Amino acid sequence: MLLAGPSGSGKSYIARQTGLPVLCLDDFYKNGDDPSLPRRGDLVDWDSPLAWNAAAAVETIADLLRHGRAEVPVYAIGEDRQVDTRLLDLAGSPFFVAEGIFAAEIVEECRRRDLLAGAYALRRSRSTTFLRRLARDLAEQRKEPKVLLRRGVTLLRAEPAVLGRQAALGARPARGREVIRSVAALTAGHGAGK
C-alpha cells in the first residue's frame, strides 16, 4: 500500500495506525552531495521528486514482497544524507505501508510490476498540515527556524498542486480514517491481522 500526501499531512502517523509494517520512503532521498540533485538557484530543491531515488524505493518494495525482509536506508534530513541501514522484516505480513511525500511517483511502476494493493494521497486542511509540519520540523531541528518557516509557507501555497499531482499519478485522495478503513478491509479479506 502506497501512502502519499503533502509534507506534514500525517502520513507516518496514519501508516502506524494501520498496524502494518511501515517502509519510510523519505529514507530514499539522495545524499546532499549527489550531483544529480535538482536545484532552484543556489539551493537544492528537496521538494522535487528528482531529489529522491525512486528506482531504489521500488526495488526495496519488490524485495520486501519477495523475501519478507530487506535492508533499508536510514536518512538524516538534518544532515542531508543516509546515515545507516536497518533491516525491515514484515514478520509474515503479506502487506505493508510504504509512505512518503513522493510515494505517488512510483504508483505506475508498482502497478506495472504487480506490487500494489492500493495507493492513497492523504489530505487534511492546509492549516493543520502547515502547523503539524512546522512543529515536527522544529522539534526535529531539521533546519534553521527561519528556513523552516519560509519553506512551510511555500509548501502551504503549493499544497493543492501537490495533491493534484499525486492524484494524477494514481493516488486516491483520502482522509486518514478512510485509509485505515481500506487497509483493515484489505487485510481482513486476506486473513492478515493487524
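For the structure itself, look to the data block above.
Chains are numbered independently. Their residues run from 1 in the order of the written sequence. With the structure being a predicted model, the display of local features is reserved for residues of pLDDT at least 70 and the display and counting of side-chain atom pairs for 80 or more, all residues being used for whole-chain, interface and lining totals. Side-chain measures were taken over the full set of non-hydrogen atoms in the model, leaving aside hydrogen atoms and water.

Participant: I would appreciate a short explanation of the pattern of salt bridges in the present structure.
Facilitator: Pairing of side chains with opposite charge becomes possible as their charged atoms draw close. Each reported salt bridge corresponds to a side-chain nitrogen of Lys or Arg within 4 Å of a carboxyl oxygen of Asp or Glu. Applying the stated criterion to the full structure yields ten salt bridges. Where Asp-89 meets Arg-69, a salt bridge forms, and the shortest distance between an N and an O atom there is 2.8 Å. Of this pair, Asp-89 sits in strand β6 (residues 81-89) while Arg-69 sits in strand β5 (residues 69-76), and the two are 20 residues apart along the sequence. Among the residues examined, Asp-89 registers a relative accessible area of 33% and is labelled partly exposed. When the shortest N-O distance is used, the salt bridge between Arg-113 and Glu-109 registers 4.0 Å. By relative accessible area, which is 27% here, Arg-113 ends up partly exposed. Through salt bridges with shared partners, a single ionic network connects Glu-59, Glu-109, Arg-112 and Arg-113. The helix and strand labels rest on DSSP assignments: H or I over at least four residues marks a helix, E over at least two residues marks a strand, and numbering proceeds from the N terminus. Here the term buried applies to any residue with accessible area under 20% of the maximum for its type, exposed to any over 50%, and partly exposed to those in between, with areas from a 1.4 Å probe on protein chains only.

Participant: What is the right way to look at the pairing of β6 in this model?
Facilitator: Look at any regular strand and the pattern is simple: side chains alternate between the two faces of the sheet. Both β5 and β6 contribute to a ladder of eight bridges, which runs antiparallel. Bridge pairing in β6 links Pro-73 to Thr-85. One requirement defines pairing of two strands: DSSP has to find at least two bridges between them.

Participant: Whenever I open this one, the nonpolar core confuses me. Can you help?
Facilitator: Nonpolar side chains tend to gather and get buried jointly when the protein is soluble and globular. Definition of nonpolar core: a set of buried residues of the types Ala, Val, Leu, Ile, Met, Phe, Trp, Tyr and Cys, connected through side-chain atoms within 4.5 Å. Core analysis: the largest hydrophobic core is formed by 35 residues, its most contacted members being Leu-2, Leu-23, Leu-25, Ile-61 and Ile-106. The set of elements that each furnish at least two residues to this core consists of β1 (2-4), α2 (54-67), β5, α3 (107-112) and β8 (119-122). Among the elements that take part in this core, α2 stands out by supplying five residues, more than any other. Leu-20, Val-97, Leu-122 and Leu-186 belong to the second-largest nonpolar core, a separate cluster that totals 13 residues.

Participant: Got a minute to help me understand helix α6 (residues 176-189) in this structure?
Facilitator: Expected helix span is given by 1.5 Å per residue-to-residue step, counting one fewer step than there are residues. With 14 residues, α6 should reach 20 Å at 1.5 Å per residue; the first-to-last C-alpha distance of 20 Å fits that figure. For α6, the set of buried residues is Gly-176, Val-179, Val-183, Leu-186 and Thr-187. Projected onto a plane normal to the axis of α6, the buried residues spread over an arc of 95 degrees and lie on a single side. Facing away from the buried side of α6 by over 90 degrees, the exposed positions are Arg-177, Arg-181, Ala-185, Ala-188 and Gly-189. Between two residues, a contact is recorded if the distance between any of their heavy atoms is within 4.5 Å. Next to the buried residues of α6 lie β1, α1 (11-17), β8 and β9 (172-174). Each C-beta atom gives one direction from the helix axis, and the arc is the one those directions make.

Participant: Whenever I open this one, the sheet that holds β9 confuses me. Can you help?
Facilitator: What holds strands together in a sheet is hydrogen bonding between their backbones, with the strands either parallel or antiparallel. With parallel pairing, five strands are arranged side by side in an open sheet as β2-β7-β1-β8-β9. On the outer flanks of this sheet lie β2 (22-24) and β9, each paired with one strand and no other. Pairs of neighbouring strands in the sheet enclose a mean axial angle of 30 degrees, with direction left out of account. Bridge analysis of β2 against strand β7 (residues 97-99) gives three bridges, and the strand direction is parallel. For Cys-24, the partnering residue across the bridge sits in β7 and is Glu-99. Angular values range over 0 to 180 degrees, each being the angle between N-to-C directions of two axes fitted as lines to C-alpha atoms, with helices fitted over their stretch in contact. Contacts from α6 reach β1, β8 and β9, with the element oriented near 115 degrees to β9.

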